[in-house]
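# Architecture and fold: a report
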Amino acid sequence: SSTTNSSTTNSSTTNSSTTNSSAARRLDLGGTVSAHAHYADSADLHSSEQAVMFATPMKLPKSRTLGVSFSELISGRKLDDSSAGCPSTCNGRSCDQWEELFPAGTMTCELAEASYGCDCSGCDCNGRDGTAAPVPSPSTAPVPGPTAQPTETLVPTVFSTAMPTTLYNYKYKQCFDLYGAPYTAFPSFEPTRFDTPEPTMTPAPTSGPTALPSPKPTLSFPPTPEPTATKVAGVSISITTTAIEEGESLSVTIVLDAEPKAAVTISISSGAATSYLSFSESAATFTPSNFDTAVTFIASAPNDDIDRGDYYVDQIVFTISEEDGCDLTGDAVSCDQKVSYSDISLGSTDVTIHDDDTAGVSISTTSVSTTIDNYGDSLTTTSYAVVLTSEPVDDVHISASGLGDWTAPSSSDLVFTASNWDSSKTISLTSTAASSNRPVCPNGGLYCTDLADRTETISHTADSSDSMYNGITIDDVDLSVTVVYDTQLAPTIDEVKFSDALNTLIVTLDSTSDKAGLSGAFDCDSLFTGDTVTDAYLGSGAYCAWVSSKKLTVTFGTGPTILVGDVITIAETLLQSDGEVVSLFSTSQALAVAMPDNPTYPVVVVTSPDTLGLCDSMILDGSSTSGSGGRDMTYNFASTESVSNISTVFAESNSQNSGYGEFAVTVDNRDLVPNTNYPVTLTACNFLGLCSSFSKDVKKSANPVPLVWITGAHPLYTTYADDISIRGEASLPNLECVDATASNNMDFIWSEVTGGYTGSLETKAPRVLNIDKNQLLPKTTYKFQVLARMTNEPTLNATAVVTVIVETQAVVAGISGGGPPPAGGGGGWGGGLSKPAPRAWGRWGHASRRWMS
């Protein structure tokens, strides 16, 4: 087509779609080119330097075939460039090179310098004869074809960046730049090529004028016959294999045999009732432009865990569909040259899939064991795991049976589903003695018929609608039940007795125990039962504590009532042995409370002046008496003197406090006879019936005298190694019954009346006598007396006496220097050290000594 702006239907215009596109498809742009196709070589069209060479449209002769390829033309090969002094000033080439490209006389140096601004100095310029290239005449008769166009000045056209850089665009841009048609009117697809006759150019170039012809040349083609479609619709399908393993794939390649009239879609799918195969794509669409481009599908077999037998079959189903109408893209120039695929049927292909899964029930072990203890309870449990070897298509129930009555499984029905089939399920087994009695053996014994080793067998059954699992064979599990006997029998109560101090009970066991898991001070009801733990029995606030694993103490609270012969009871299932293997408990044991080994007797102390003044009453105070065991004691005052009413006063005092009596009694002065000696006795008994008495003489004076007494215990017990302090007290004479006065000053004089004491009797405070340790001899009894007298009237005096008993001490051994032997001493006291002599504390008597290692 020679122009782009004609609105006619003439074949020379680009507005006629049929003629124009046909003309475009008829352009032969490959191979060796002639003057109408200078840019046919694709290899050189991507170089910006080479493309610019023809950026300026040149009107070239149209009849001469150059005989060189485009790449050779651009690169300069086959061009004579013998003159090295000729500069390359004409679009990257020299004038001599351009002169050689054109027929003789059609391109001269003068023309190149005048029309194109070239510098031809230094060039051979064979045509520099002043003759110009002939100018074609516009009146020359045109060849059949497009009508010649008016002469116009061509505007240099450069390649637009908006146009895709393809071989097709380069070809047509250059061609139409050369011949005057804008490239923007070109179709966006590569036209189909047909062999066409060599075009002719009008007017034909001559060797006349040296200047380029001014009229725009017109390109015309002889008519081209339309091709006839001879192909038949067909689909080529190739499959790499029809037998695969699970998890493997195969390839399906599809291509059309002939160009379709319109888009053809081929779908691929699984044909089985349960789709096993999966496909990389579900369909492919072939158009007239890509019908001969093969499409490959990947069909994959499932890599699942379901057992479907040795193999199973799926189908690859092919479905074809074609769009309505006709698509004129592609190689064919008319719908008659295309084929229809609407009547094609592709069918299906079987694919065999080999299954690598095997249905089964896996048991982790077929032999397990449990143990039971001497008490009859479970000591150790056991378990085993169950799991399927493949995924079921429906739930699988695994039941366990065959166990005896005295072994319990954690579950007897395991359910496996498609989601948990590969997760192990555990069956735990717990065994006990073949009896519900506890302890299983009578009286907590070690052996009996219900306590014996045994063996049991567990069977399994599978139930499922999955035929691969229903009734499948499952291994049995053998269970061995073993008795583990205690290494030591449970402890029993060996003895319960009062402590010597009477304020606690001591409970002794026949063997070591686990202390019932109790430590420190705890409520006695944590161990004892029955009346033993009541407040009335042990007293409010009573508590228990372990002294050792065999001995327990019960400390009484306030107001205990337990007596010798009463019973205490240890609760069952609390106390066990502390052996390595124990299960038996101390059974409910009751034992009567016994007397202490060395019971504490009451220590009776009566505080009273030894001498009473004329006006003084007799006050006897037994409140310092000890040995009660924390309970009430009975007090009984008595006298052998019958000359007064003193016996009546004592009887009245003894009847108080529900018969327990009062610990203090007062005899009025009026009931006493002056110058009379009154022997009095106080007897005190504790709750165990243990009694002690204290007697003394109280003299009634006929004159007023100071009242003197010694505080503290009577008698006073001490040891050789102890310091003691004896304190005397005195009050002024009572003068209520006489008409007399006395001063307030008294003197105190200390003495030892037995004569056995040889130590110092000096005092820093007159009322207090201090005796240092090591002054009183063991196994000796002393009597210390204090005399109190009025300073201004020494005859007004009175005395008080206290008995001091010095007891013996246990011998304590020691080594002079002390401490362990030095390290590295060879096992003795070597290294220059002499063997130290032993030392025994205690002054009197013989102490035996023996060295031991």
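Structure first, text after, so check above.
Thresholds applied
- Going along each chain's sequence as written, the residues are numbered from 1 onward.
- Given that this is a predicted model, residues contribute local features only at a pLDDT of at least 70 and side-chain atom pairs are listed and counted only at 80 or more, while totals for whole chains, interfaces and linings are drawn from all residues.
- Side-chain calculation: all heavy atoms of the structure are included, whereas hydrogens and water are not.
- Relative accessibility decides the category of a residue: with a 1.4 Å probe and only protein chains considered, values under 20% of the type maximum give buried, values over 50% give exposed, and everything between is partly exposed.
- In this text, helices come from DSSP runs of H or I with a minimum length of four residues, and strands from runs of E with a minimum of two, each type numbered from the N-terminal end.
- Here, any two strands with at least 2 DSSP bridges between them count as paired.
- We define a salt bridge as a side-chain nitrogen of Lys or Arg found within 4 Å of a carboxyl oxygen belonging to Asp or Glu.
- Counted as a polar contact is a pair of N or O atoms within 3.5 Å, where, for protein atoms, one must be capable of donating a hydrogen and the other of accepting one, and residues adjacent in sequence contribute only when both atoms are in side chains.
- Two residues qualify as a contact provided that any one of their heavy atoms is within 4.5 Å of a heavy atom in the partner residue.
- A pair of cysteine sulfur atoms is labelled a disulfide when the two atoms are within 2.5 Å.
- The aromatic pairing rule takes the rings of Phe, Tyr and Trp, using the six-membered ring of Trp, and pairs them if the centres are within 6.5 Å, calling planes under 30 degrees apart stacked, those over 60 edge-to-face and the rest tilted.
- Here, a charge over a ring means that NZ of Lys or CZ of Arg falls within 6 Å of the ring centre while also lying within 35 degrees of the ring normal.
- The arc in question is the one traced by the directions running from the helix axis out to the C-beta atoms.
- Between the N-to-C directions of two axes lies an angle of 0 to 180 degrees, each axis being a line fitted to C-alpha atoms and, for a helix, fitted only over the stretch in contact.

A few words on the pairing of strand S42 (residues 797-807). Here S42 shows a clear split, with Ala798, Ala800, Val802, Val804 and Val806 buried on one side and none of Asn797, Thr799, Val801, Thr803, Ile805 and Glu807 buried on the other. Bridge count for strand S37 (residues 716-719) against S42 is four bridges, and the pairing is parallel. Pairing of Leu716 across the sheet is with Val804, part of S42. As defined by bridge partners, strand S41 (residues 780-790) adjoins S42 across ten bridges and the pair is classed as antiparallel. In the strand pairing of S42, Thr781 is matched with Ile805.

Attention now goes to the pattern of salt bridges. What the rule picks out here adds up to twelve salt bridges. The residue Arg670 makes a salt bridge to Asp668 at a minimum N-O spacing of 2.8 Å. What makes Arg670 exposed here is its relative accessible area of 73%. For Arg767, the salt bridge identified is with Glu729, shortest N-O distance 3.4 Å.

We now examine the side chain of Ser628. Relative to the elements of secondary structure, Ser628 occurs in the loop between strand S31 (618-621) and strand S32 (634-639). In terms of polar contacts, Ser628 uses its side chain to reach the backbone carbonyl oxygen of Arg631, at 3.3 Å. Once residues lying within four places of it in the same chain are set aside, the contact partners of Ser628 are Met633, Asn686 and Phe687.

The next thing to look at is the state of the cysteines. Such a bond, covalent and formed between the sulfur atoms of two cysteines, is termed a disulfide. Applying the stated rule across the entire model yields seven disulfides. Bridging Cys86 to Cys123, the disulfide has an S-S length of 1.7 Å. Residues Cys86 and Cys123 share a disulfide whose torsion about the S-S bond is about 80°; that sign makes it right-handed. Here Cys123 lies in the loop between helix H5 (109-116) and helix H6 (167-179) and Cys86 lies in the loop between helix H3 (70-75) and helix H4 (95-101), a separation of 37 residues in the sequence. Considered together, Cys86 and Cys123 belong to a single accessibility category, that of buried residues.

For the rest of this paragraph, the subject is the packing of aromatic side chains. Scanning the entire structure with this criterion turns up ten aromatic pairs. Among the aromatic residues, those joined into a ring-pair cluster are Phe498, Phe556 and Phe687. A cation over a ring is seen here: Arg631 above Phe687, with NZ or CZ 3.6 Å from the ring centre.

What follows deals with helix H8 (residues 646-654). Here H8 has its buried residues at Ile646, Phe650, Ser653 and Asn654. Taken down its axis, H8 places every buried residue within 95° of arc, on the same side. In H8, those exposed residues whose orientation departs by more than 90 degrees from the buried face are Thr648 and Glu652. In this structure, the buried side of H8 is in contact with S31, S32, strand S33 (664-667) and strand S34 (676-685).

Sheet architecture is open: four strands sit in the order S12-S15-S19-S17, paired in antiparallel fashion. At either margin of the open sheet sits one strand with a lone partner, and together these are strand S12 (361-363) and strand S17 (407-409). Within the sheet, the average angular offset between the axes of one strand and its neighbour, ignoring direction, is 20°. As paired elements, S17 and strand S19 (residues 425-431) share three bridges and run antiparallel to each other. Residue pairing across strands places Thr407 opposite Ser431, the latter belonging to S19.

The next subject is H5. Of all the positions in H5, only Cys109, Leu111 and Ala112 are classed as buried. Taken around the axis of H5, the buried residues stretch over an arc of 165°, which confines them to a single face. Of the residues one or two after H5, Gly117 is the one with positive phi, at around 70°.

Let's shift gears to the side chain of Ser586. With respect to the helices, strands and loops of the structure, Ser586 is situated in the loop between strand S28 (567-570) and strand S29 (589-592). Look at Ser586 and you get buried, because its relative accessible area is 2%. Within polar-contact distance, the side chain of Ser586 engages the backbone oxygen of Pro491 at 2.4 Å. In contact with Ser586, not counting residues within four places along its chain, are Ala490, Pro491, Ala571, Glu572, Thr573 and Leu575.

Here the focus is the sheet that holds strand S38 (residues 724-731). Pairing is antiparallel in the open sheet, where three strands are placed in the order S36-S38-S40. Pairing within the sheet leaves two strands with one partner each, and these edge strands are strand S36 (707-710) and strand S40 (768-771). On average, adjacent strands in this sheet sit at an angle of 15° to one another, irrespective of strand direction. Across four bridges, S36 lies against S38 in antiparallel orientation. When the sheet's bridge partners are listed, Ile710 is paired in S38 with Gly728.

That's the geometry; what it means functionally is another story.
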